[in-house]
Amino acid sequence: VLSVIVPIRNAPDCSTAACHAHGPAQQVLGVLDFHMSLATVDARLAASERQLALGLGATVAAVLVFAGFLTWLLVLRPVRRFAVATRRVATGDLAARVAVTSDDELGELAVSWNAMVEELSRARSELEQWSRTLEVRVDDATAELETAHRRMLVVEKMASLGKLAAVVAHEINNPLAGIATYAKLLRRQLAGRAGTSGAPSADAEMAKALELVESEAVRCGGIVRNLLLFSRTPGSRFSEEDVAPLLERCAALMRHQAGLLEVSIRVECAADLPKVVCDPSQIQQIVLALSMNALEAMPKGGTLSLRAGRRAAGDGVFVQVADTGGGIAAADLPHVFEPFFTTKSEGKGVGLGLAVVYGIVERHHGQVDVETSPVEGTTFTVRLPLTQPAAPEPAPEGALA
């Protein structure tokens, strides 16, 4: 309750009035005391407080909802996209990208993220490419090592053969020379006695036998010299030579045996062949050895081709010996240049021909390759440089030059 007390004062304009009973000396005429109830005001204040609380609550709720929506829209959803992209990248999917939807800090972060993932993808592609290249190089290096290992085995076998050849040559060469010399002396004595005694038939038969002994001893000496090629480098005489005349001479030497086997010989030489620094006798030995093998591969006839021409790459010439026989078995091809390896029947070869060819080509700093086919036959290609890098030096005893 609000209580109010108000004094009633005797105003000057009121004390002089005719209706006024009090004199001017009396200042206060009375007191006005009244009481007012505040229940209605309190009720209205309480209602206002309730409305204010409800409005404030609704405002706070609306602000919270709006703030949550803005947080989800501007923060949580972009961060969730980053989280999803991060999980994809963690599993190895470098194609994951984050959409750039704003120009704020999160937008800049998305641009940086995409650039980082793009760089990672490029780096991984380069690594994969390097890995594939490395695998190819490792395979190539492994193949080269295997080839080098096989060649080392061939060299080791040749070295062993050289040691054996040195011993065999020294033990056999002198007796063979003695046999050939004494056979020649006996033939001369028989020839002299035939001039004085009328050449009896017995002496003629003995002379033929001695001639056969001498020729066989010389042939055995040639075999010994072939063995010596593996024990030491002979005193080769290197000079500039034309390859074409060498092939013609080899063809002339082979024509008789080729005719017996019904094999035709073709010699094909390029017209502009340069001269080659080589030992002509050893090059001729290469062609003869390969030609003999070619004839033996064509017992029922065929064609033996001797070719010479310029090398396609680099300075030098090539010499080819090709036949139309049945080819070389795939299992035997890696061993054809190994000493004592032969596919011929017993008594027809000891497996030294191609090994000798290999040794001569190595001494001439060249290369020898073989291509074979059951239909087209076998082709040996010998590649020779035009000049030798240095004068050949004698190899150590028992080593391959």
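Preceding this section is the structure that the text describes.
What comes next concerns the included structure. (Residues numbered from 1 in each chain as written. Predicted model: local features only at pLDDT ≥ 70, side-chain atom pairs only at ≥ 80, totals over all residues. Heavy atoms only, no water.)

1. Some details on the overall build of the protein chain
Part 1 of the argument: A tally of helices and strands in the protein chain yields seven helices and nine strands.
Part 2 of the argument: Residues classed as buried in the protein chain amount to 27% of the 401 residues present.
Part 3 of the argument: For the protein chain, the accessible surface area stands at approximately 25,400 Å², while carbon and sulfur atoms represent 61% of it. (Helix = DSSP H or I, 4+ residues; strand = E, 2+ residues; numbered from the N terminus. Buried < 20%, exposed > 50% of the residue type's maximum accessible area, 1.4 Å probe, protein only. Areas by Shrake-Rupley, 256 points an atom, 1.4 Å probe, with all protein chains shown as cover.)

2. Quick look at the packing of aromatic side chains
Part 1 of the argument: Evaluated as defined, the whole model comprises two aromatic pairs.
Part 2 of the argument: With a centroid separation of 6.2 Å and 90 degrees between ring planes, the pair formed by Phe82 and Trp113 is classed as edge-to-face. Of this pair, Phe82 sits in helix α2 (residues 39–90) while Trp113 sits in helix α3 (residues 105–197); the two residues are 31 residues apart in sequence, bridging distant segments of the chain.
Part 3 of the argument: The class of Phe82 is buried, set by a relative accessible area of 11%. (Phe/Tyr/Trp six-rings, centres within 6.5 Å; stacked < 30°, edge-to-face > 60°.)

3. Overview of the pattern of salt bridges
Part 1 of the argument: Applying the stated rule across the entire model yields eight salt bridges.
Part 2 of the argument: A salt bridge links Glu119 to Arg122, with the nearest nitrogen and oxygen atoms 2.2 Å apart. With a gap of three residues between them, Glu119 and Arg122 both fall in helix α3, about one helical turn apart.
Part 3 of the argument: Taking the relative accessible area as the measure of exposure, Glu119 reaches 41% and is therefore partly exposed.
Part 4 of the argument: Owing to a relative accessible area of 39%, Arg122 belongs among the partly exposed residues under this scheme.
Part 5 of the argument: For Arg307, the salt bridge is made with Glu268, and the minimal N-O distance between the two is 3.5 Å. Within this pair, whereas Arg307 is found in strand β6 (residues 302–310), its partner Glu268 is found in strand β4 (residues 263–269), the two being separated by 39 residues in sequence. (Salt bridge = Lys/Arg side-chain N within 4 Å of Asp/Glu carboxyl O.)

4. Overview of the pairing of strand β8 (residues 367–373)
Part 1 of the argument: Of the strand pairs in this sheet, β8 and strand β9 (residues 377–384) are connected by seven bridges, and their pairing is antiparallel. Bridge pairing in β9 links Thr372 to Thr378.
Part 2 of the argument: Where β8 hands over to β9, the hairpin turn is made up of three residues, counted between the paired strands. (Pairing = 2+ DSSP bridges.)

5. Things to note about a negative patch on the surface
Part 1 of the argument: A grouping of Glu135, Asp139, Asp140 and Glu144 is seen on the molecular surface, where their side chains present a negatively charged patch.
Part 2 of the argument: Its location among the elements puts Glu135 in helix α3. (Patch = residues over 30% accessible without salt bridge, like charges linked within 9 Å, V, L, I, M, F, W, Y side chains within 5 Å. Lys, Arg positive; Asp, Glu negative; His and termini not counted. Charge placed at Lys NZ, Arg CZ, Asp CG, Glu CD.)

6. Comments concerning the nonpolar core
Part 1 of the argument: Formed by 39 residues in total, the largest nonpolar core has its most connected members in Ile286, Leu290 and Leu304.
Part 2 of the argument: Setting aside anything within four residues of it in sequence, one finds Leu290 in contact with Val321, Leu354, Val357, Phe380 and Val382. (Core = buried A, V, L, I, M, F, W, Y, C linked by side-chain atoms within 4.5 Å. Contact = heavy atoms within 4.5 Å.)

7. Things to note about the environment of Pro374
Part 1 of the argument: Within the secondary structure, Pro374 is located in the loop between β8 and β9.
Part 2 of the argument: With relative accessibility at 68%, the residue Pro374 sits in the exposed group.
Part 3 of the argument: Put simply, Pro374 and Ala329 are 45 residues apart on the chain and 8.3 Å apart in space, counted from C-alpha to C-alpha.
Part 4 of the argument: Beyond its immediate sequence surroundings of up to four residues, Pro374 is in contact with Gly325 and Gly326.

8. What to know about the packing of helix α5 (residues 243–260) against helix α6 (residues 280–296)
Part 1 of the argument: Two numbers describe how α5 lies on α6: the axes approach to 10 Å, and their chain directions differ by 35 degrees. Here the hand of the crossing between α5 and α6 comes out right-handed. Here Leu246, Leu247, Arg249, Cys250, Leu253, Met254, Gln257 and Ala258 of α5 lie close against α6, whose contacting residues are Pro280, Ile283, Gln284, Val287, Leu288, Ser291, Met292 and Leu295.
Part 2 of the argument: When its residues are assigned to classes, the contact of α5 with α6 shows 12 nonpolar, three polar and one charged. (Axes fitted to C-alpha atoms, helices over the stretch in contact; angles between N-to-C directions. Left-handed = near helix turned anticlockwise from the far one by under 90°. Nonpolar A, V, L, I, M, F, W, Y, C, P; charged D, E, K, R; others polar.)

9. Some points on a nonpolar patch on the surface
Part 1 of the argument: A cluster of nonpolar side chains, contributed by Leu2, Val6, Ile8, Leu32, Phe34, Met36, Leu38, Val41 and Leu45, occupies part of the molecular surface with about 700 Å² of accessible area.
Part 2 of the argument: Among the elements of the structure, β1 (2–9), β2 (28–36) and α2 are those that each provide at least two residues to the nonpolar patch.
Part 3 of the argument: Judged by relative accessible area, Met36 falls into the partly exposed class, the value being 38%.

10. With respect to the sheet that holds β6
Part 1 of the argument: Strand order in the open sheet made by the five strands is β4-β6-β7-β9-β8, with mixed pairing throughout. The open sheet has two edge strands, β4 and β8, and neither has a second partner. Adjacent strand axes in the sheet meet at a mean angle of 10 degrees, parallel and antiparallel pairs treated alike.
Part 2 of the argument: Sheet topology places strand β7 (residues 317–322) next to β9; six bridges connect them, and they run antiparallel. The partner of Gln320 across the bridge, within β9, is Thr381.
Part 3 of the argument: In the packing of α5 onto the sheet, the strands contacted are β4, β6 and β7, and the crossing angle to β4 comes to about 175 degrees.

11. Quick look at the environment of Val75
Part 1 of the argument: The topology assignment puts Val75 in helix α2.
Part 2 of the argument: For the pair Val75 and Leu106, spaced 31 residues apart in sequence, the C-alpha separation works out to 8.1 Å.

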